[in-house]
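This is what each chain is made of:
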Amino acid sequence: MALDIQQREREGIVILDVSGRLTVGENVSGVREKIQALSDSGSHNIILNLAEVDYIDSTGLGGLVISFTTLKKAGGSLKLLNASRRNIELLILTNLTTVFEIFDDEQDAVNSFFPNRQIKKFDILDFVQEQGGS
């Protein structure tokens, strides 16, 4: 399944709407290349909207970490938005929730780039407790 990446902007923050699978091969390299190109052109704060990403493999996770590192070195950040339950479980399992800020509300994700704005971060403990109760 081919990966589709749509770019838009909100309050000066680039949002990449990704749909498909973040898996080994062209899919992961496509995301990495897109983020690298944005960084090279001066956009260092990026939100990756994963609402339409149904599967991430280990190479996909690696690509996300590399992209995060690229932006961090440039003085920016990569934040995740609308990850599915399965993908959140994967991030928890691999301890990448300590690396990525995760949001389930786009405005909160945008606000997180502005230090004077209040935000509601994704609460991992709430997520885990909800899963235990189902």
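Just above sits the structure.
Here goes a summary of the coordinates provided. (Residues numbered from 1 in each chain as written. Predicted model: local features only at pLDDT ≥ 70, side-chain atom pairs only at ≥ 80, totals over all residues. Heavy atoms only, no water.)

**Some points on the pairing of strand S4 (residues 77–81)**
The element S4 is largely enclosed, with a buried count of 5 among its 5 residues. Of the two faces of S4, both are covered, the one formed by Ser77, Lys79 and Leu81 as well as the one formed by Leu78 and Leu80. Summarising the sheet, strand S3 (residues 45–56) and S4 pair through 5 bridges and their orientation is parallel. Note that in S4 the partner of Ile47 across the bridge is Lys79. Read from S3 through helix H2 (residues 58–73) to S4, the crossover connection turns out right-handed. Alignment of S4 against strand S5 (residues 102–103), held across 2 bridges, turns out to be parallel. Pairing of Leu81 across the sheet is with Phe103, part of S5. The parallel pair S4 and S5 is bridged by helix H3 (residues 85–93), and the resulting crossover is right-handed. (Buried < 20%, exposed > 50% of the residue type's maximum accessible area, 1.4 Å probe, protein only. Helix = DSSP H or I, 4+ residues; strand = E, 2+ residues; numbered from the N terminus. Pairing = 2+ DSSP bridges. Right-handed = clockwise from strand over helix to strand, strands pointing away.)

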